[in-house]
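One letter stands for each residue in the lines below.
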Amino acid sequence: QVQLVESGGGLVQAGGSLRLSCAASGSFLSINDMGWYRQAPGKQRELVADITSGTSTNYADSVKERFTISRDNAKNTVYLQMNSLKPEDTAVYYCKVRARMSLYIRNDYWGQGTQVTVSS
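In short, a report on the structure. (Residues numbered from 1 in each chain as written. Predicted model: local features only at pLDDT ≥ 70, side-chain atom pairs only at ≥ 80, totals over all residues. Heavy atoms only, no water.)

With respect to the side chain of arginine 38
Tracing the backbone through its elements, the reader meets arginine 38 in strand β4 (residues 30-39). A polar atom in the side chain of arginine 38 sits 2.9 Å from the side chain of glutamate 46. In terms of polar contacts, arginine 38 uses its side chain to reach the side chain of tyrosine 93, at 2.9 Å. Apart from the residues within four sequence positions on either side, arginine 38 is in contact with Gln44, Arg45, Glu46, Val48, Ser62, Val63, Phe67, Glu88, Asp89, Ala91, Val92 and Tyr93. (Helix = DSSP H or I, 4+ residues; strand = E, 2+ residues; numbered from the N terminus. Polar contact = N/O pair within 3.5 Å; in protein donor to acceptor, adjacent residues only side chain to side chain. Contact = heavy atoms within 4.5 Å.)

What follows is the structure in structure tokens.
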């Protein structure tokens, strides 16, 4: 049982920046990897970036060198700093958390999504 609360989305002009955050709460033993996904209208949900508990990161080629994912384990929060935003970044952004619930159970949880709109 993990609840994820996302914030930070909005409307920005091309070239602007936004910082998304996602805070996890609930009953869990630990948070493992965390990530950000996005889904544009009419398109499949795609991975944007993820970060492991050891802070190793992966990025989609389309956002590499523009976005930065980070986490604060003390706050159970993952962030996505988005710079040099482009209109094609427009989508609903979702965070996903993999949490260890017990010795034998590890589950994935999704945030409610936050809209990011980039105007040209």
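After presenting the structure, the write-up continues.
Section: a nonpolar patch on the surface
Residues Leu103, Tyr104 and Ile105 make up a contiguous nonpolar surface patch of roughly 410 Å² in combined accessible area. Mapped onto the elements, isoleucine 105 comes out in the loop between β9 (91-100) and β10 (106-110). With a relative accessible area of 40%, isoleucine 105 lands in the partly exposed category. (Patch = residues over 30% accessible without salt bridge, like charges linked within 9 Å, V, L, I, M, F, W, Y side chains within 5 Å. Areas by Shrake-Rupley, 256 points an atom, 1.4 Å probe, with all protein chains shown as cover. Salt bridge = Lys/Arg side-chain N within 4 Å of Asp/Glu carboxyl O. Buried < 20%, exposed > 50% of the residue type's maximum accessible area, 1.4 Å probe, protein only.)

Points about the environment of glutamate 88
Mapping glutamate 88 onto the fold places it in the loop between β8 (77-82) and β9. Judged by relative accessible area, glutamate 88 falls into the exposed class, the value being 57%. Separated by 21 residues in sequence, glutamate 88 and tyrosine 109 have C-alpha atoms that sit 26 Å apart.

Some details on the sheet that holds β8
Read across the open sheet, the four strands follow the order β1-β3-β8-β7; overall the sheet is antiparallel. The sheet is open, and its two edges are formed by β1 (2-7) and β7 (67-72), each paired on a single side. Adjacent strand axes in the sheet meet at a mean angle of 15° when their direction is disregarded. Pairing of β1 with strand β3 (residues 18-26) involves six bridges; the strand directions are antiparallel. Each bridged residue has a counterpart across the sheet, and for serine 7 the counterpart in β3 is serine 21. (Pairing = 2+ DSSP bridges. Axes fitted to C-alpha atoms, helices over the stretch in contact; angles between N-to-C directions.)

Topic: the pattern of salt bridges
Under the definition given, this model contains six salt bridges. As a salt-bridge pair, arginine 38 and aspartate 89 come within 2.9 Å of each other at their nearest N and O atoms. With arginine 38 in strand β4 and aspartate 89 in the loop between β8 and β9, this pair connects stretches of sequence that are 51 residues apart. We classify arginine 38 as buried; its relative accessible area is 6%.

Some details on the state of the cysteines
Considering all chains together, one arrives at one disulfide under this definition. A disulfide bridge connects cysteine 22 with cysteine 95, and the sulfur atoms are separated by 1.9 Å. Taking the sign of the S-S torsion, 45° for the link of cysteine 22 and cysteine 95, the bridge is right-handed. With cysteine 22 in strand β3 and cysteine 95 in strand β9, this residue pair connects regions lying 73 residues apart in the sequence. Each member of the pair cysteine 22 and cysteine 95 is classed as buried. (Disulfide = S-S within 2.5 Å.)

Some remarks on unusual backbone geometry
Of note, threonine 55 is a non-glycine position whose phi angle comes to about 75°, a positive value. Structurally, the position occupied by threonine 55 is in the loop between β5 (46-51) and β6 (57-59). One non-glycine residue with positive phi stands out, namely asparagine 76, at about 50°. As for its position among the elements, asparagine 76 is in the loop between β7 and β8.

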